[in-house]
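Secondary and tertiary structure notes
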Amino acid sequence: MRFSLMAPRFRFRLILAAALALSSHAWSADPPVESVPTGSTDSAVDVDEAVPPQAAVGAKKSSLGEVNLDDVRRFTAVMSLVKQAYVEPVDDHQLMLAAIKGMLVGLDPHSEYLEAGELDQLNEDTSGSYAGLGIEISTADGFLRVIAPIDDTPAERAGIKPGDTILRIDNEPVQADNLNDAVDMLRGKPGSEVVLSILREGSRTPQDFKLVRELIHVASVRGRLLEPGYAYLRISQFQAETGSDLRKRIARLQKENGKPLRGAVLDLRSNPGGLLNAAVEVSDLMLDSGGIVTTRGRIHESDMAFSATPGDALNGASIVVLIDRGTASAAEIVAGALKDNHRALLMGRRSFGKGSVQTVLTLDDRHALKLTTARYYTPSGVSIQAEGIQPDIELADLALSKNEDNAYGRISERDLRNHLRGDTESADEDAGAQAPASHSAPSDYALNEAIHALKAMALQQQRSTPGVPASKAEKG
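Residues numbered from 1 in each chain as written. Predicted model: local features only at pLDDT ≥ 70, side-chain atom pairs only at ≥ 80, totals over all residues. Heavy atoms only, no water.

1. Some points on the confidence of the model for the protein
Rules: Looking at any residue, its pLDDT shows the predictor's confidence there, from 0 to 100. Contact criterion: two residues are considered in contact whenever any of their non-hydrogen atoms come within 4.5 Å of each other.
Of the residues in the protein, 77% reach a pLDDT of 70 or more, and the chain-wide mean stands at 80. Across residues 7-63 the pLDDT falls below 50, and counting only partners more than four positions away or on other chains, this stretch makes 241 contacts in the model. Per-residue pLDDT stays below 50 along residues 431-441; that stretch engages in 18 contacts with residues further than four places along the chain or on separate chains.

2. Observations regarding the packing of helix α8 (residues 276-286) against helix α9 (residues 330-340)
Put simply, the rule is: Working convention: axes come from line fits to C-alpha atoms, limited for helices to the stretch in contact. Angles between N-to-C directions cover 0 to 180 degrees. Secondary structure elements follow DSSP: runs of H or I no shorter than four residues count as helices, runs of E no shorter than two count as strands, and numbering proceeds from the N terminus. Oblique is the label for any angle not covered by the other classes, which are roughly parallel (under 35 degrees), roughly antiparallel (over 145) and roughly perpendicular (65 to 115). Whether a crossing is left-handed or right-handed is set by the direction in which the near helix is turned from the far one by less than a right angle, anticlockwise for left-handed and clockwise for right-handed. As a working rule, the residues Ala, Val, Leu, Ile, Met, Phe, Trp, Tyr, Cys and Pro are called nonpolar, Asp, Glu, Lys and Arg charged, and the rest polar, with Gly in that last group.
Interaxial distance between α8 and α9 falls to 9 Å at its minimum, and their mutual angle equals 25°. As judged from the angle between their axes, α8 and α9 are roughly parallel. With respect to the hand of their crossing, α8 and α9 are arranged in right-handed fashion. The segment α8 lies against α9, with Leu-276, Ala-279, Val-282, Ser-283 and Met-286 engaging Ala-330, Ile-333, Val-334, Ala-337 and Leu-338. Residue composition of the contact of α8 with α9, by class: 9 nonpolar, 1 polar and no charged.

3. Digging into the sheet that holds strand β19 (residues 318-323)
Adjacent strands of a sheet pair through backbone hydrogen bonds, lying either parallel or antiparallel. Put simply, the rule reads: Between any two strands, pairing holds if DSSP finds at least two bridges.
On the basis of which strands lie adjacent, the open sheet formed by 6 strands has the order β13-β14-β15-β19-β20-β23 and mixed pairing. Strands at the two margins of the open sheet, each flanked by one partner only, are β13 (221-227) and β23 (393-394). With 5 bridges connecting them, strand β14 (residues 230-235) and strand β15 (residues 263-267) associate as parallel partners. Of the residues in β15, the one forming a bridge with Tyr-230 is Gly-263.

4. A few points about the pattern of salt bridges
The condition that has to hold: Should a side-chain nitrogen of Lys or Arg be within 4 Å of a carboxyl oxygen of Asp or Glu, the pair is scored as a salt bridge. Residue burial is assigned from relative accessible area. The probe radius is 1.4 Å, only protein chains are included, and a residue is buried under 20% of its type maximum, exposed over 50%, and partly exposed in between.
Using the criterion set out here, one finds 18 salt bridges in the structure. Arg-269 serves as the salt-bridge partner of Asp-444, at 2.8 Å between the closest nitrogen and oxygen. Here Asp-444, found in the loop between β23 and α10 (445-464), pairs with Arg-269, found in the loop between β15 and β16 (273-274); they are 175 residues apart in sequence, far enough to count as distant. The class for Arg-269 is buried, based on a relative accessible area of 16%. For Arg-343, the salt bridge goes to Asp-312, with nearest N and O atoms at 2.9 Å. Within this pair, whereas Arg-343 is found in the loop between α9 and β20 (345-348), its partner Asp-312 is found in the loop between β18 (304-307) and β19, the two being separated by 31 residues in sequence. A cluster of three or more residues bridged by salt bridges with shared partners is formed by Asp-151, Arg-222, Arg-234, Asp-267, Arg-269 and Asp-444.

5. Quick notes on the environment of Leu-395
Its location among the elements puts Leu-395 in the loop between β23 and α10. On the accessibility criterion, Leu-395 (7% relative accessible area) is buried. Considering only alpha carbons, one finds Leu-395 and Gly-348, 47 residues apart in sequence, at a separation of 4.7 Å. When neighbours within four sequence positions are excluded, Leu-395 is seen to be in contact with Met-347, Gly-348, Arg-349, Tyr-445, Ala-446 and Glu-449.

6. Description of unusual backbone geometry
Backbone geometry at Asn-315 places phi at a positive 55°, although glycine is not the residue there. In this structure, Asn-315 sits in the loop between β18 and β19. Even without glycine at this site, His-342 takes up a positive phi of about 55°. Its location among the elements puts His-342 in the loop between α9 and β20.

7. Description of the nonpolar core
Short version of the rule: Buried Ala, Val, Leu, Ile, Met, Phe, Trp, Tyr and Cys residues form a nonpolar core when they are joined through side-chain atoms within 4.5 Å.
By size, the foremost hydrophobic cluster in this structure holds 46 residues, and its most contacted members are Phe-238, Leu-246, Leu-266, Leu-268, Met-286, Ile-292 and Val-321. When near neighbours in sequence (up to four residues on either side) are disregarded, Phe-238 contacts Leu-268, Asn-271, Gly-273, Gly-274, Leu-275, Ala-278, Ala-279, Val-282, Ala-330, Ala-331 and Val-334. Among the nonpolar cores identified, the runner-up in size contains 19 residues, and Ala-155, Val-174, Val-194 and Leu-211 belong to it.

8. Observations concerning the environment of Asp-92
Relative to the elements of secondary structure, Asp-92 occurs in helix α3 (residues 92-105). The sequence separation of Asp-92 and Met-79 amounts to 13 residues, and the corresponding C-alpha distance is 8.5 Å.

9. A closer look at a nonpolar patch on the surface
Selection criterion: A residue counts toward a patch only above 30% relative accessible area and without a salt bridge, and it is joined to like-charged neighbours within 9 Å or, for Val, Leu, Ile, Met, Phe, Trp and Tyr, to nonpolar neighbours within 5 Å. For every accessible area listed, the method is Shrake-Rupley and the probe measures 1.4 Å; residues are considered covered only by the protein chains on display.
Residues Val-67, Leu-69 and Val-72 make up a contiguous nonpolar surface patch of roughly 290 Å² in combined accessible area. In this structure, Val-72 sits in helix α2 (residues 69-85). For Val-72, a relative accessible area of 37% gives the class partly exposed.

10. Thoughts on the environment of Glu-301
For Glu-301, the location among the structural elements is in the loop between β17 (291-297) and β18. Expressed as a C-alpha distance, the spacing of Glu-301 and Ala-374, which sit 73 residues apart in the sequence, is 9.9 Å.

This is the structure:
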């Protein structure tokens, strides 16, 4: 069984929320990751095994009555009038397709009818490799809004930020009636150029960004030692191997450190989400017990719960999780699980707030329905839909800069003439002639604050449990 989930997406890389796969269908707030046998779709649902929509709905008795005949007559009358009087000829297929899409759009921003092209794009997205800009977007009020740029992609290097609104693509206006075409224009042949006109939050004047499309390979896990005993772990997206890659990365950093880590910063900023099972695995890696996430909906199969199993890959080391407005869906599940289980301190900005579940139902090998069917809840039973997760410590959107070295402003006792020598000061040391040490200040304000908090937490933990080795079984 495979589960997928992501922040809300529009057609491709548009961030969806929690996607849960049942044995018969793929539950997803993001595109599913397995393809049907034909290879022409990206749905995790096998066409032969998929439960027809009417069968799924029958899992619980519907309280809705039959279709109102007046509504049917009205729909038929409107369709007839459009065929007769619209300025251009339209056929029945075109009108019915528009009606289906309009019906789903009218439900919520994440339900959608997918044809072969969209299914292929969805499959491409979840494979972790595609030609484009590396930008996660969603629709809001008829515009394309940036959820987050993906790490080390043209969008991230160009300075695209969460919250940006794309107004024009190659000078073509992005309008409510051409969002599909606008999304298609973001993709293209690697090496081709595209100009985005972007309106940034707080600004009245759009900015133009020239980007060059690339073959985007999304590496979901990175990590390094910030300093002895303290690790930095970055998850940019939740893919099939994210949990395994994170476990290996932690083990490698433990080995590099030479002894168990004292703490780790888990960076989930601008993480649009991904696979639900990957989010569950990542949470499980850092939890020894407790709930991770539950989902609830109208059909029986949508009611699911996930809990942690014994074993903590970090051996109880302190954790600080960084989140921001681009932290969505699967990333919010991890943040919520660690926060509600009192396993980590959350710092940054309130998260995106994608707490609904979409089911991807395969109609045939060329068509599918992505339908919102449930909400998901953090271990404390809270829905984050449209609310997001509030960090324990909120940080302003600031950047650090390096002060100019000033030898006259750095005088200490040892700089004074004829000062009493300290016990560790060498006899031939000319303190007055010492050049001030040059330290490059980190530009990442949030990470810098996280490191300070992490050290304080690790020190407090060490004082509260002196001499007690934190050794627990590592999850495999």
